[in-house]
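# Structural description and commentary
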Amino acid sequence: MEYKTLLDEALEAWDYTRAGVVAELENMPADKMDFSPAPGARTVTELVLHIVASGQVMAGELSNPVGDFTRQGYPEHIREHAGLLPESASRDGLAELLRSTGEEGLHRIRDAGELAMLQHIRRFDGKLGTRLAWMNHGIAHEEHHRGQLAHWARAMGVVPALTKRIHGS
């Protein structure tokens, strides 16, 4: 693929990351959505719903011409941008939710346009940064959680999806 803009490249990176999260989720046993690696840690379902909500907040606020991550608390951002998410779902239902919200987020940011993504937004820490840089932060956040899912797969005795892909199995 030849990139025409920085935004195209960033959107492809998010799409790749989201596809990787979906692959790790679909690689897990369907009956392990309530798995948690330790007391107090999120379950697989809770982690996936957090990824969905965070992606929706990112796309919603970055595509909002007057977006500002400090204008309200994180729970209020989730309610505004992600709405009511299910408390539980099947593995396949969670995978579909990741796909559909990922596509929606990509469209929202693409429709806002590259010029908008080069403008400043107030980050959660109160500092200003470009929307494109903050999008990269969101992608890194999602990759962090992708790594958690891969680690949890290992804890279940499952070879992570990315490892299988690398080794061609």
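Residues numbered from 1 in each chain as written. Predicted model: local features only at pLDDT ≥ 70, side-chain atom pairs only at ≥ 80, totals over all residues. Heavy atoms only, no water.

### Points about the packing of helix α1 (residues 6-27) against helix α6 (residues 131-155)
Remark: α1 packs on α6, axes separated minimally by 9 Å, with the N-to-C direction vectors making an angle of 15°. On the basis of their axis angle, the class for α1 and α6 is roughly parallel. Relative to α6, the crossing made by α1 is left-handed. Where α1 abuts α6, its residues Leu6, Leu7, Ala10, Leu11, Ala13, Trp14, Tyr16, Thr17, Arg18, Gly20, Val21 and Glu24 lie against Leu132, Met135, Ile139, Glu142, Glu143, Arg146, Leu149 and Ala150. Each residue belonging to the contact of α1 with α6 can be placed in one class, and the counts come to 13 nonpolar, two polar and five charged. (Axes fitted to C-alpha atoms, helices over the stretch in contact; angles between N-to-C directions. Helix = DSSP H or I, 4+ residues; strand = E, 2+ residues; numbered from the N terminus. Parallel < 35°, antiparallel > 145°, perpendicular 65-115°, else oblique. Left-handed = near helix turned anticlockwise from the far one by under 90°. Contact = heavy atoms within 4.5 Å. Nonpolar A, V, L, I, M, F, W, Y, C, P; charged D, E, K, R; others polar.)

### A closer look at helix α4 (residues 91-112)
Here α4 is 22 residues long and its end C-alpha atoms lie 32 Å apart, about the 32 Å a rise of 1.5 Å per residue gives. Within α4, burial applies to Arg91, Leu94, Ala95, Leu97, Leu98, Thr101, Gly102, Gly105, Leu106 and Ile109. Within α4, the buried residues cover an arc of 160° as seen down the axis, which keeps them to one side. Of the exposed residues in α4, those oriented more than 90 degrees away from the buried face are Asp92 and Asp111. The elements touched by buried residues of α4 are α1, α2 (44-62), α5 (114-117) and α6. The positive-phi residue at the C-terminal boundary of α4 is Gly113, with phi of around 95°. (Expected span 1.5 Å × (residues − 1). Buried < 20%, exposed > 50% of the residue type's maximum accessible area, 1.4 Å probe, protein only. Arc of directions from axis to C-beta.)

### Things to note about a nonpolar patch on the surface
Residues Tyr16, Leu162 and Ile166 make up a contiguous nonpolar surface patch of roughly 290 Å² in combined accessible area. Mapped onto the elements of the fold, Ile166 is located in helix α7 (residues 161-166). Under the relative-accessibility criterion, Ile166 is labelled exposed at 63%. (Patch = residues over 30% accessible without salt bridge, like charges linked within 9 Å, V, L, I, M, F, W, Y side chains within 5 Å. Areas by Shrake-Rupley, 256 points an atom, 1.4 Å probe, with all protein chains shown as cover. Salt bridge = Lys/Arg side-chain N within 4 Å of Asp/Glu carboxyl O.)

### Topic: the environment of Arg18
Positionally, Arg18 belongs in helix α1. For Arg18, a relative accessible area of 5% puts it in the buried group. With 80 residues separating them in the primary sequence, Arg18 and Leu98 have C-alpha atoms 7.3 Å apart. The residues contacting Arg18, other than those within four sequence positions of it, are Ile51, Gly55, Leu98, Thr101, Gly102 and Glu142.

On their own, these measurements won't tell you what the molecule is for.
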